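Read off the chains here:
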Amino acid sequence: MTDSGMSRADDDGDAVIRVRGLTMGFDDFVLMRDLNFDVRRGEIFVILGGSGSGKSTLLKHMIGLYQPLAGHIWVAGADIAEADDARREAILRRVGVMYQMGALFGSMTLLENVRLPLEVHTDLPREAMDAIARARLQLVGLGAFADFMPSEISGGMQKRAAIARAMVLDPEVLFLDEPSAGLDPITSADLDRLIQRLARTLDMTIVIVSHELASIFAIADRVIMLDKESQGIAAEGDPATLRDTSNHPWVQRFLRRTDSDEERPA
Amino acid sequence: MDSTAAGAEHPFEYDATAEPGPRLCLTGRLDVQAVERHWGPLRRRARELARQAQAGSVDVDLEGVVYCDGAGAALLHALEQDLASGGAEVRFEGMGRMVREQLAPYRELDAVEPARGARGGGWWPALLDGVDRVGQAAHSQFSFVGALTRAIGSSLRHPRQVRWGDTLRVAEAAGFQALPIVSLIAFLLGVILAFQSAIAMRQFGGEIFVANLVAVSLFRELGPLMMAILLAGRSGAAFAAEIGTMKVNEEVNALKTMGLDPMHFLVLPKVLAGLLVAPLLALYANMIGLVGGAMVMQGFGIPWVAYFSQVTSALSMSDLFSGLAKAVVFGLVVAGVGCLRGLQTGSGAAAVGLSTTSAVVTSIILIVVLDGVFAVLFYHLGV
């Protein structure tokens, strides 16, 4: 059952990512069936769902790391599942990804980690690359830690450094897998503000996998909620509207953080 | 929007004029592609303008900039610094929100002090650092040897406390599963040894004494040595990688907080397994090497019976046990070094790789050094 807080953007010409009929899983195990949704340019789009519902798996399908069992995913106009290596590389040049655990390279300093995409994809002089990488680290509050190794900083700092690396090429689409998890409330709020600045000022489209409700209500323009039981999208729309109007019991329990249907506030 | 298409639609251009006052006018998309092309020329032009300004002001008009990414902001900040270092006062005009947002972290960085101060230069601090590192390494190694000795002593007094299940599992992996590679190497060693010496011996009609050479070389020297090097490459590296990964994943800390001593839980089973399998593998390698030598000698007209009869007459019990004693020590060294390097692992995937490499290199160096020590020792003991 899909409970739509706003109309499905089937004919939305401004979609940066378009997912149609996506069935995902592993071999004989189907995780989600027939997913259909769009991500529009410049919006902050959040993929919600319980643990094991396939949020991160969906994100990995959207960046071409996993092949769908069926269906299509168009990113910036190209079907990422069917693109050849050169085409996929061209698409991925236009997106930035922050993985759940940060995935910083342990043998490089933070500066070297953030500079790496610039070295691979641009012909900028080293001085410019260093300046950009340092500025990105400063943007996430790590300007003073450029020469530290990932092992010398905390998990939250590693996550912020990973975000700096993901956005160093000013991507059109930024994918963030659980960006707020493990961060203290102040850092998490700072990160929310940064995400909003990126979307509003730089017209960046941001796709976030999360279940941090405070953060979602603060920044999300639109969410989809994956339901493990029905293997599909339980709801789609802006989070406040869904919380106030959705009739879907699981959506209500999730967004209002009630323990059971009976405890749901009237 | 496709950046290439957008770049074609709004190409970046700049215009520098000295009259009526020094002025730099930037228009179009200030993106990576524009910065790649204009980084050097534009900064040179800015420095010229600063000279022309003669400590006056330079106006930078950004009204026509339709897009600015991180690279564009880096260029603007570099221009700002170039003009300021030339003594000119910089005045940005028409700066949009996007440019201001992008430029902000660059300006903030000017006031940021590195969280870690620069290390003092010169040879004296470097020497002190080096001495400190050597001291720390020696301390950690002596501590490990002490703790391991205590653990082995404790296991002898309280054998029921030893994790024999883990020990047998490690022994199977390090010993039984190593048999194919040990067989191959030992067989080839026997073949090569016999073949090379038989060619020389044949000139004197002494092919039969090749059996003496092969047997004594294998039992006293090459069997234990080759076995130890294979054990270091296979099992020492595996011990270091396994414990190192556990250290990185904080599993070692978890053991400590649960009241389990990593020395008893992780190290002792591996060291006992090393002590157990090393002499057995060395003995097995010796036998297979003898078979390799026998097959070569068949080609030189020496029958199996004559060959093995010569081997039994050439070998003494001291040859056998001196080799096995060395194998026991080598097994202890390989397992101990593998575990030590694993426990010394720092943070991150790279640290596990370094520990593994270090375990193999240290083990091989120690094996060769100890082999030399044994040679001198056995000579003086008359073994």
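Everything numeric in this text was worked out from a predicted model, so none of it was measured.

J.: Lay out the confidence of the model for chain A with the relevant residues and their values.
T.: The predicted model of chain A has a mean per-residue pLDDT of 83, with 91% of residues at 70 or higher. Contacts from residues 260–266 of chain A, a stretch scored under 50 in pLDDT, to residues over four places away or in other chains number eight contacts.

J.: I'd like a rundown of the sheet that holds strand β3 (residues 29–40) of chain A, residues and numbers included.
T.: Residue and element names in this part refer to chain A. What the four strands build is an open sheet, ordered β3-β2-β5-β6; its pairing is antiparallel. Taken across any chain shown, the strands that pair with only one partner, and hence form the sheet edges, are β3 and β6 (78–79). Of the strand pairs in this sheet, strand β2 (residues 15–26) and β3 are connected by eight bridges, and their pairing is antiparallel. Paired with R18 across the two strands is D38, which belongs to β3. Sheet strands in contact with helix α1 (residues 55–62) are β2, β3 and β5 (70–75), and its direction is about 120 degrees off that of β2.

J.: Could you give an account of the sheet that holds strand β4 (residues 89–93) of chain B, naming the residues involved and the relevant values?
T.: Sheet strands associate in pairs through backbone hydrogen bonding, adopting either a parallel or an antiparallel arrangement. Residue and element names in this part refer to chain B. Pairing in this open sheet of four strands is mixed, and the strands run β1-β2-β3-β4 from one edge to the other. Looking along the sheet, the strands with just one partner apiece sit at the ends: β1 (13–17) and β4. Put simply, the sheet's adjacent strands are angled 15 degrees from each other on average, direction ignored. Bridge count between strand β2 (residues 23–30) and strand β3 (residues 57–68): seven bridges; the pairing is parallel. Following the sheet pairing, R23 is matched in β3 by D59.

J.: Tell me about the confidence of the model for chain B, and name the residues and values.
T.: For chain B, per-residue confidence averages 89 on the pLDDT scale, and residues scoring 70 or more make up 97% of the total. In the predicted assembly, ipTM is 0.79 and pTM is 0.73.

J.: So what's going on with the nonpolar core? Residues and values would help.
T.: Counting residues in each nonpolar core, the largest one holds 116 residues, and the members touching the most others are F175 and I206 of chain A together with A74 of chain B. Leaving out residues up to four positions away in the same chain, F175 of chain A has contacts with L59, M62, I63, V95, V97, M98 and V207 of chain A. With 62 residues, the next largest nonpolar core counts L189, V210, A215 and L266 of chain B among its residues.

J.: Give a description of the interface of chain A and chain B that names residues and reports values.
T.: With 26 residues of chain A at the interface, the matching set in chain B holds 28 residues. The set of elements that each furnish at least two residues to the side of chain A that touches chain B consists of α4 (126–139) and α6 (185–202) of chain A. For the side of chain A that touches chain B, the element with the highest residue contribution is α4 of chain A, accounting for eight residues. Partitioned by chemical class, the residues of the side of chain A that touches chain B number 13 nonpolar, seven polar and six charged.

J.: Lay out the environment of A146 of chain A in plain terms, naming residues and giving numbers.
T.: Residues and elements named next belong to chain A. Turning to its location among the elements, A146 is positioned in the loop between α4 and α5 (155–166). The class for A146 is buried, based on 26 C-beta atoms found within 10 Å. Between the C-alpha atom of A146 and that of A133, which follows or precedes it by 13 residues, the distance is 8.6 Å. Sequence-distant contacts of A146, that is, excluding residues within four places in its chain, are made with T109, L110, L111, R134 and L137.

J.: Talk me through the packing of helix α5 (residues 123–157) of chain B against helix α10 (residues 262–299) of chain B; I want residue IDs and the actual numbers.
T.: Residues and elements named next belong to chain B. For the pair α5 and α10, interaxial distance at closest approach is 10 Å and the crossing angle is 80 degrees. With respect to α10, the axis of α5 lies roughly perpendicular. Contacts from A147, L148, A151 and S155 of α5 reach α10 at M263, H264, V267, L268 and V271.

Calculation rules
- Residues numbered from 1 in each chain as written.
- Chains lettered and ligands numbered in written order.
- Predicted model: local features only at pLDDT ≥ 70, side-chain atom pairs only at ≥ 80, totals over all residues.
- pLDDT = per-residue confidence, 0-100.
- Contact = placed C-beta atoms within 7 Å.
- Pairing = 2+ DSSP bridges.
- Helix = DSSP H or I, 4+ residues; strand = E, 2+ residues; numbered from the N terminus.
- Axes fitted to C-alpha atoms, helices over the stretch in contact; angles between N-to-C directions.
- Core = buried A, V, L, I, M, F, W, Y, C linked by C-beta atoms within 7 Å.
- Buried ≥ 20, exposed ≤ 12 C-beta atoms within 10 Å, placed from the backbone.
- Nonpolar A, V, L, I, M, F, W, Y, C, P; charged D, E, K, R; others polar.
- Parallel < 35°, antiparallel > 145°, perpendicular 65-115°, else oblique.

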